Amino acid sequence: MPSMFQPEIETMEPAEKSALQSRRLRRLVERLAACDVPYWREKMAGVDVDAIRSIDDICRLPFTEKDEFRETYPYGMLTVPRDRLVRVHASSGTSGKPTVVGYTAGDVAVFAEVCARALAIAGGRPSDVVHVAYGYGLFTGGLGLHYGAERLGATAVPASGGNPGFQLGLMADLGADGLACTPSFALLLGERALEGGLRDRLSVRYGVLGAEPWSEGMRQRIEEVWGGGFQALDIYGLSEVIGPGVAMEAPEAKGALYVFDDHFYPEIVDPETGEAVPDGEVGELVLTTLTKEAQPVLRYRTRDLTRFVDEPGRDGRTFRRIARLMGRVDDMLIIRGINVYPREVETALLEDEAIGGQYGIIVDRRTTLPELRVVAELADPGLVARREEIRDRVARALTERVRIRVQVDLRDPGTLPRQEVGKARRVFEQTTDESPFG
Ligand code: DLL
């Protein structure tokens, strides 16, 4: 069994954990109530500080929404003077101003610590070379995992995104043991390694993959192209909370992620009403930063959908677990009145072994009633002769799963465009005769 980065925290008994969370929450609430900043004065106006005695009182606190970051851009949510920041990150939204997040030296230390924990959960060791192919820059992925690898005592290789051929050569030459990047980039790298005959020169044991939703079928494709027992593991996080390292999946019990709940307290609520859903039901993940100094968030509405998994992990860690993310509340497509989640389309699509990992979902709006089309690749050139049969089978499976008619367009392996930088885009709107994908 791989060793833990912080065994005393990672195996803490529930009662002790709850006491720690309660102490941290009380301290946070007291600090925010005393914070002389307009945003925090307003947020804390209706809060009875004395009523927050334990972590179970968290539901008495107000929620925080993404818009509040934009409204207070860039520094309005800080609880410390700007000169105490040692770093900022930002994520660009689809519209308007970016979300800016500031970190004190203490926050950067916690960020490194949780990313080191995540790498250790994946099987990372201080003797490892960790190839970091998340984007470096305002995005939290690159620097987050980089500092995590260093904190673990490993050798971080700051490769950043793009240039897969060069990256593979570097991984082989430098002896990469771990890979940190998006699942879509991991698939691309694995495919290129296989095509280029490089696989024998690589001995990467694990991938710490996240920043975008991915299904079990995608995991299977990634593990297959990498071969050699490569473990494709899921890491979750978001800039508003810290970046990567909010939650991590362990190889011993795949399918659910440990939430590092000594720092980030999770709740799951009904996205409509904001009320807690019964344990085990799917809802919106809400996170409170218990230890963040510069820019804490109270009950942040992540818009990400998941559920609590009550079964403990199999490696002695006692963190609360959540199921792998099912998509975002706002990713939901409404087609002919039916709600369709892209992640569900991916799941149904990749359940068919004849389908490769690269695909696009096209919402065709050229007609009054939109149509759903999925463009995907055959997994293997040997399947080309059976294209029609496979297409009909996949179309039936998809239509059954999402309950509206889905057209399927199957291309030859390796012919669809692949994204080399950033988060994979999967959903495209079509309004003209020119196809937006493939
Ligand atoms: O994506 C942080 C990160 C970097 C996570 C590297 C993991 C690895 P943002 O750019 O702020 O931060 O985007 C956060 O991405 O709310 C989810 O919707 C999505 N997301 C992140 N990780 C996962 C995952 C980073 N493992 C948003 N599964 C989140 C599904 C994910 N969605």
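To be clear, the structure that these remarks concern was listed above.
Participant: Explain the overall build of the protein here, please?
Facilitator: Assigned secondary structure in the protein consists of 11 helices and 20 strands. A globule of 438 residues ought to have a C-alpha radius of gyration of about 22 Å, and the protein, at 22 Å, matches this closely. Each of the three principal axes of the protein carries a C-alpha extent, and together these read 70 × 55 × 40 Å. Here the protein, with 438 residues, has 55% of them falling under the buried criterion. Within the protein, contacts between residues separated by at least 24 positions form 67% of all contacts whose residues are at least 6 apart in sequence.

Participant: Would you mind going over the sheet that holds strand S18 (residues 371-378) with me for this structure?
Facilitator: Reading across the sheet, the 4 strands line up as S19-S18-S17-S20 and stay open at both edges, with mixed pairing between neighbours. If you trace the sheet from one side to the other, it starts and ends with strand S19 (406-411) and strand S20 (427-430), each paired once. For this sheet, the mean inter-axis angle between neighbouring strands, taken without regard to orientation, is 25 degrees. As paired elements, strand S17 (residues 355-364) and S18 share 7 bridges and run antiparallel to each other. Residue pairing in the sheet places Ile355 in a bridge with Leu378 of S18.

Participant: Mind showing me how you'd approach the packing of aromatic side chains here?
Facilitator: In this description, a pair of aromatic rings is defined by centroid distance and the angle of the planes. Scanning the model with the defined rule gives 8 aromatic pairs in all. Ring centres of Phe428 and Phe437 lie 4.8 Å apart, and the angle between their planes is 25 degrees; this geometry places the pair in the stacked category. Residue Phe437 is classed as buried on the basis of its relative accessible area of 6%. Taken together, Tyr258, Phe260 and Phe319 form an aromatic cluster joined through their ring pairs. Seen from the ring of Phe308, Arg320 lies directly overhead, with NZ or CZ sitting 3.7 Å from the centre.

Participant: Would you take a moment to explain the site of the ligand for this structure?
Facilitator: Looking at the ligand, there are 19 residues lining it, with Asp234, Ile235, Ser239, Asp304 and Lys423 nearest. Asp234 has a polar side-chain atom sitting 2.7 Å from a nitrogen atom of the ligand. Between Asp304 and the ligand, the recorded distance is 2.6 Å, taken from a side-chain N or O atom to an oxygen atom. Expressed as a share of its isolated accessible area of 610 Å², the protein-covered part of the ligand is 92%. Taking a 2 Å distance to the grid points as the criterion, the majority of the atoms of the ligand fall inside the largest pocket. Of all elements in the fold, only helix H6 (140-152) and strand S7 (231-238) reach the threshold of two or more residues within the shell around the ligand. Here the shell around the ligand gets 5 residues from one element, more than from any other, and that element is S7.

Here is what the cut-offs are and how they apply
- Residues numbered from 1 in each chain as written.
- Predicted model: local features only at pLDDT ≥ 70, side-chain atom pairs only at ≥ 80, totals over all residues.
- Heavy atoms only, no water.
- Helix = DSSP H or I, 4+ residues; strand = E, 2+ residues; numbered from the N terminus.
- Rg over C-alpha atoms; globule rule 2.2 N^0.38 Å.
- Buried < 20%, exposed > 50% of the residue type's maximum accessible area, 1.4 Å probe, protein only.
- Contact = heavy atoms within 4.5 Å.
- Pairing = 2+ DSSP bridges.
- Axes fitted to C-alpha atoms, helices over the stretch in contact; angles between N-to-C directions.
- Phe/Tyr/Trp six-rings, centres within 6.5 Å; stacked < 30°, edge-to-face > 60°.
- Lys NZ or Arg CZ within 6 Å of the ring centre and 35° of its normal.
- Near = heavy atom within 4 Å.
- Polar contact = N/O pair within 3.5 Å; in protein donor to acceptor, adjacent residues only side chain to side chain.
- Areas by Shrake-Rupley, 256 points an atom, 1.4 Å probe, with all protein chains shown as cover.
- 1 Å grid on protein atoms, 1.4 Å probe; cavity = no way out; pocket = protein on both sides within 12 Å on 5 of 7 lines; lining within 4 Å.
- Sits in = over half its atoms within 2 Å of the grid points.

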